[in-house]
Amino acid sequence: MMDETVGTDNGKDAVPYDLHLLTEPYGIPCMVEIFHFLCSLLNVVEHIGMGPRANTISFDEDVPLFALGLINSAIQLGGPAICNHPRLLSLVQDELFRNLMQFGLSMSPLILSMVCSIVLNLYLHLRTKLKLQLEAFFSCVILRLAQSRYGASYPQQEVTMEALVDFCRQKTFMAEMFANLDCDITCSNVFEDLANLLSKSAFPVNCPLSSMHILALDGLIAVIQGMAERIGNGSTNSELPPVNLEEYTPFWMVKCENYGDPDHWVPFVRKRKYIKRRLMIGADHFNRDPKKGLEFLQGTHLLPEKLDPQSVACFFRYTAGLDKNLVGDFLGNHDEFCVQVLHEFAGTFDFQDMNLDTALRLFLETFRLPGESQKIQRVLEAFAERYYEQSPQILANKDVAFVLSYSLIMLNTDQHNAQVKKKMTEEDFIRNNRDINGGNDLPREFLSELYYSICKNEIRTMPEQGAGFAEMTPSRWIDLMHKSKKTSPYIVADSRAYLDHDMFAIMSGPTIAAISVVFDYAEHEDVYQTCIDGFLAVAKISACHHLEDVLDDLVVSLCKFTTLLNPSSVEEPVLAFGDDAKARMATVTVFTIANRYGDFIRTGWRNILDCILRLHKLGLLPARVASDAADDSEMSSEPGQGKLLTNSLSSAHMQSIGTPRRSSGLMGRFSQLLSLETEEPRSQPTEQQLAAHQRTLQTIQKCHIDSIFTESKFLQSESLLQLAQALIWAAGRPQKGNSSPEDEDTAVFCLELLIAITLNNRDRIRILWQGVYEHISNIVQSTVVACALVEKAVFGLLRICQRLLPYKENLADELLRSLQLVLKLDARVADQYCEQITQEVSRLVKANATHIRSQMGWRTIASLLSITARHPDASEPGFDALSFIMSDGAHLSPANFILCLDAARQFAESRLGQTDRSLRAVDLMAGSVACLGQWAQDARDAMPEVEAVKLSQDIGEMWLRLVQGLRKVCLDQREEVRNHALVSLQMCLTGVDEIHLPHGLWSQCFEMVIFTMLDDLAELAQGNPQTQKEFRNIEGTLVLALKLLVKVFLHLLHELSQLSSFCKLWRNVIGRMEKYMKLKVKRSEKLQELVPELLKNTLLVMKTNGLLVPTSTLSRDSVWEQTWLNVNKMFPSLQSEVFPQGSETVLSNPGDGGRSPKDTET
């Protein structure tokens, strides 16, 4: 019957259609009559008062229950088909719902339950036609009865809460309440009020947990789980664009183009909610200072820059929370603008077909009527004008409406003011209003109806401020029916999470608090599980919508329930943990959230780490949780590595035998319980203790704590940084000298984890590096004694460099610079770890030499290797690393050449170990000259001219540093070393033809290297007896040095002769020979024999090359003159040997011009 087609829904067509059907024995008219009859059975106005305080419904329950039952069945069966029949729908919207509102306040739980059931069915089938009716039901019935402060009994509260939970279980209910009511400026915030009601109702305040608390929790979790289920259904836009009003638009005129299309209605309702929030903030400002409140709204583009009466009137009319006294004062003001606002304000009311007293009640509910008569007159004039405009009825003009309104206000004061003793009678009221209708009387019945309406129901001229949820009065119901014809269409939500981000942001805080309190008070595992489900749903939603603060709050709350953060007051915290189901469930949940939603945890990492540290201190973590995390990629091939725990009790028992020391891992704790081989005799553990340990073991397994660190490479950057900072914070700032073993253990553990996540995130090392480096730096520089922490810091740093250098060339300098921290170690600490450090540096160099390209990076490496030259244990691996770099020039480059030379010289001069190593060091130095030749050749072949010239200069500088380094080794106490250095130096000075050194560099070389070396050796040879004793066989070195001088001089004679300072250089060469002639050393005869021989040989070569020819010119720059001036002092006969014919003539008669060079030579 209900599904029959009616034809058009137009009201004009419905009447004749119904009349036509009246001839039918059955059909829609019959249904309408039956439905109307059932509604009339609920019409209790004649029996009882409308107000909830009077509405006790003390008469027999049977009749209303009978009617309600049939109505419920009709709605269940008819369902959405009722929408097709206007008269039926009208009955439901008005008479039925009005009566349901009254019976909803019934003291009878049965009637209330049936009313709620009907409203639920109406929601399911007809909600699109009942938007404002549903708002009224929740505001005036559910929200009033669910709280004891409005006088509801416990049974009423319980039935109401059950009904509310039923509504919450409808997947889209809360989303639709939010979209249709909370986001409408003319409606109340039903979603927010219901969510707060559920949260508060779940709180046990100074009482044990009751079924009501659990019921409210069920409702709350149903809402949250509904949101969680919508994730993944599409349109979970976690980054909804923020709403902003760029320019002024009349906020009461914002419209939606298509209420059926989410692309239209979602931005529309979000914009309306933004406006509603801003209006409420504006109301708060207005209540403190009306002028500043309006200025604030102008600043947010909700009011125009130049105020107009309509916009201010709409602000007063549609904004909840305004101080009604201030609104009344503003509207009653005589200022012209205020009067205009008053008339615009009155124009916002719909008084169509409304009784005068009803209209006046609605009007005066929105503000407090001012006390001054002039203000009252202005307000009532505006009201009368609007009322007459819409409902003239029998009134002659607007003045009649004004006079009658004033009369009603006076009657209201007379009837309801306790100070008035003699009350106005009906006759008095009628007499007072004679001849006011254009000189005629108003109908007596009309005035009588007004009189009794005012007598029975006071017009409240002092509206209650913030009194909670209003009562549904007849006048308000009439207003609701008027509004329902004009309200925006009902938005039907689907299973997609369009508004969940905004909804969850509102309810997340109270929800977490409520679930936490219930979890705290709960004593049964089923309630625990309900709460855990709620926590996980909150976490899922928070992560999906990127609400990091909410997730952090949840983590903080949950960590408290793990009991791991509580100071341990029990003797056996491990056993206590095993016996505490709530703590175990909370712990698993914390780590489940950390593993699933770690991307969106920020400050919560600190609390999670506190839990991990507590488990570590209790020995409940596997000993290698941190190192496994770091070694994951390296050791994956090894069986058993990377596994968090083993669940084998027997293996734990086996491990414990013969192990009296305290073990740090979980199995160690377990074996302590099982082991009988302890220092003190202990009783056999009970079955309960074993079971508790087994539960603890299983709990820690479920947590997958290692995954947090091994999987950190998948964390978002911000979360990863927060995790690293939390580790640094948890480790604490290192103190010099006096930290407790427990603190150091914590610091070591945190550092291991920090290094693990650093190694696991090599692609994002820049995010972490600064914090990691500073933390390790603090440890290194504050440690004065060797300890596990500084060891972990130093070798962790080396390990980071080893692992990351191949992948992060752009970070190579920073990584290598960090190794300078090793150089800052306290001397005692450095000494203890020197060998191991050197081995690690050697490993680093061998693996990454090709990745170290900058001079700064090599400087660090060379500094570390140089130090080892003087350390007995570290020198061998240090030299091994240096040999790797320098042998055959394998890894030498202009960037590291000088640095490696200096390091090799350190090893050459070091007297640790065998002399052979010093000789090999000298060979490394000498061998490097080949690289210079190769680089010079490459520069000439491949480089642009400018760059080639620059590199050539650099090569010259490097070569000079090389020979200077060898010069220093030539002064070594050990004869074998210094003689080998001399030979090598000679090779480096004579074997550089490929380098093409500039001539000027040779002058420097003689001055800074050769002459200096000769002078230093001569000084050593003539030193005190002690020095002579230390430098054994020095005379052999002197011979080699002198030979080197002559060989180099003659080898380079052509280049040297082109120098302007050649004469001076030659004088110095002769001078050094003379000096060595006169040295008083053992077996000095060797030198005395060698010098004339070398000198003669040199003179002959110079003669052959045309550099030594007779000249008549007297000058300091004359080679001939200066040669014989100096040579003849030592060997007067040498000139005649070199120049056998007449050479003495030139020398004896220098002033007479002598012979020409040609004659002389002949």
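It should be emphasised that the depicted structure is a prediction, and the values quoted were computed from it without experimental measurement.

For the protein, the helix and strand inventory stands at 56 helices and 0 strands. Within the span of the protein, comprising 1162 residues, buried residues form 52% of the whole. Counting only carbon and sulfur atoms, one obtains 50% of the accessible surface of the protein, whose full area is about 52400 Å².

Core analysis: the biggest nonpolar cluster contains 382 residues, and Phe316, Trp959 and Phe1049 have the highest contact counts within it. The biggest single contributor to this core is helix H47 (residues 999-1021), with 13 residues.

This part is about the pattern of salt bridges. Summed over the entire model, instances satisfying the criterion amount to 38 salt bridges. For Lys483, the salt bridge identified is with Asp479, shortest N-O distance 3.4 Å. Of this pair, Lys483 and Asp479 are both found in helix H21 (residues 474-484), 4 residues apart, which corresponds to roughly one turn of the helix. Between Arg1072 and Asp1015 there is a salt bridge, with the nearest N and O atoms lying 2.9 Å from each other. Here Asp1015 lies in helix H47 and Arg1072 lies in helix H51 (residues 1062-1077), a separation of 57 residues in the sequence. Here the salt bridges do not stand alone but share partners, grouping Lys131, Asp184 and Arg272 into one network.

As a further point, take the packing of helix H6 (residues 131-145) against helix H8 (residues 173-182). Put simply, H6 and H8 touch, their axes get as near as 11 Å, and they point 110 degrees apart. The angle between H6 and H8 places the two elements in the roughly perpendicular class. Facing Lys131, Glu135 and Phe138 of H6, the residues of H8 in contact are Phe173, Met177, Asn180 and Leu181. Residue composition of the contact of H6 with H8, by class: 4 nonpolar, 1 polar and 2 charged.

Before going further, it helps to spend a moment on the UniProt feature "transmembrane region" (unreviewed entry) in the protein. Sites flagged by UniProt as "transmembrane region" (unreviewed entry) map to residues 103-124. The annotated region residues 103-124 carries 77% helix and 0% strand content, and the separation between its end C-alpha atoms amounts to 20 Å.

As a further point, take the packing of helix H49 (residues 1034-1051) against helix H52 (residues 1085-1104). Where H49 contacts H52, the axes come no closer than 11 Å and their chain directions differ by 0 degrees. Relative to H52, H49 is oriented roughly parallel. The residues of H52 that touch H49, namely those facing Leu1038, Val1039, Leu1042, Lys1043, Val1046, Phe1049 and Leu1050, are Leu1087, Leu1090, Val1091, Leu1094, Asn1097, Thr1098, Val1101 and Met1102. Here the contact of H49 with H52 is composed, by residue class, of 12 nonpolar, 2 polar and 1 charged.

A word on the packing of aromatic side chains. Tallied over the entire structure, the rule returns 41 aromatic pairs. Between the aromatic rings of Trp265 and Tyr498, the centroid separation amounts to 5.6 Å while the plane-to-plane angle is 75 degrees, which identifies the pairing as edge-to-face. Of this pair, Trp265 sits in helix H11 (residues 262-288) while Tyr498 sits in the loop between H21 and helix H22 (500-521), and the two are 233 residues apart along the sequence. On the basis of relative accessibility, which here comes to 3%, the residue Trp265 falls in the buried class. In this structure Tyr498 comes out as buried when scored by relative accessible area, which is 9%. Site record: aromatic cluster; members linked through ring pairs are Phe345, Phe349, Phe351, Phe363, Phe367, Phe383 and Tyr387. Its end group placed over the ring of Tyr807, Arg762 keeps NZ or CZ at 3.6 Å from the ring centre. The ring of Phe1139 is capped by Lys1103, whose NZ or CZ atom sits 4.8 Å from the centre of that ring.

Attention now moves to unusual backbone geometry. Leaving glycine aside, a negative phi is the common case for residues, and trans is the common case for peptide bonds. The backbone phi angle of His704 is positive, close to 50 degrees, even though this residue is not glycine. Assignment of secondary structure puts His704 in the loop between helix H31 (687-703) and helix H32 (705-710). The phi angle at Asp888 is positive, at roughly 55 degrees, despite the residue not being glycine. You can call Asp888 exposed: its relative accessible area is 84%.

When pLDDT is averaged along the protein, the result is 84, and 87% of the positions lie at 70 or above. Of all helices and strands in the protein, the one with the weakest mean pLDDT is helix H29 (residues 649-656) (32), whereas helix H26 (residues 581-597) scores best (96). pLDDT under 50 marks residues 673-680. Its contacts with residues more than four places away, or in other chains, come to 13 contacts.

Taking 1.5 Å per residue as the helical rise, helix H9 (residues 190-202) with its 13 residues ought to reach 18 Å, and the 18 Å between its terminal C-alpha atoms agrees with that figure. Within the span of H9, buried status applies to Val190, Phe191, Leu194, Ala195, Leu197, Leu198, Ser199, Ser201 and Ala202. Residues of H9 that are buried in the fold lie against H6, helix H7 (154-168), H8, helix H10 (211-230) and H22.

On to helix H46 (residues 975-990), then. For H46, with 16 residues, the first-to-last C-alpha span of 23 Å sits near the 22 Å given by 1.5 Å per residue. All of the buried residues in H46 are Val977, Arg978, Asn979, Ala981, Leu982, Ser984, Leu985, Cys988 and Leu989. Where H46 is buried, its residues contact helix H42 (897-909), helix H43 (915-927), helix H44 (929-942), helix H45 (945-969), H47 and H49.

With that out of the way, let us pick up the environment of His343. Counting through the fold element by element, His343 comes out in helix H15 (residues 336-346). If near-sequence neighbours (up to four positions away) are discounted, His343 is found in contact with Ala382 and Glu385.

Within the element layout of this structure, Lys324 appears in helix H14 (residues 324-332). Distance from Lys324 to Arg368, taken between C-alpha atoms, is 5.4 Å for residues 44 residues apart in sequence. Engagement of the side chain of Lys324 in a polar contact is seen with the backbone oxygen of Glu365, the distance being 3.0 Å.

When you line up the elements, Thr696 lands in helix H31. Assessed through its relative accessible area of 1%, Thr696 is described here as buried. Contact partners of Thr696, with chain neighbours within four places excluded, come to Val574, Phe577, Gly578 and Leu620.

A separate point is the environment of Leu134. Its place among the elements puts Leu134 in helix H6. Separated by 43 residues in sequence, Leu134 and Met177 have C-alpha atoms that sit 9.2 Å apart. Once residues lying within four places of it in the same chain are set aside, the contact partners of Leu134 are Phe97, Val119, Tyr123 and Arg127.

Reading guide: rules and limits
- Residues numbered from 1 in each chain as written.
- Predicted model: local features only at pLDDT ≥ 70, side-chain atom pairs only at ≥ 80, totals over all residues.
- Heavy atoms only, no water.
- Helix = DSSP H or I, 4+ residues; strand = E, 2+ residues; numbered from the N terminus.
- Buried < 20%, exposed > 50% of the residue type's maximum accessible area, 1.4 Å probe, protein only.
- Areas by Shrake-Rupley, 256 points an atom, 1.4 Å probe, with all protein chains shown as cover.
- Core = buried A, V, L, I, M, F, W, Y, C linked by side-chain atoms within 4.5 Å.
- Salt bridge = Lys/Arg side-chain N within 4 Å of Asp/Glu carboxyl O.
- Axes fitted to C-alpha atoms, helices over the stretch in contact; angles between N-to-C directions.
- Parallel < 35°, antiparallel > 145°, perpendicular 65-115°, else oblique.
- Contact = heavy atoms within 4.5 Å.
- Nonpolar A, V, L, I, M, F, W, Y, C, P; charged D, E, K, R; others polar.
- UniProt positions renumbered as here; feature names shortened; annotations may be inferred.
- Phe/Tyr/Trp six-rings, centres within 6.5 Å; stacked < 30°, edge-to-face > 60°.
- Lys NZ or Arg CZ within 6 Å of the ring centre and 35° of its normal.
- pLDDT = per-residue confidence, 0-100.
- Expected span 1.5 Å × (residues − 1).
- Polar contact = N/O pair within 3.5 Å; in protein donor to acceptor, adjacent residues only side chain to side chain.

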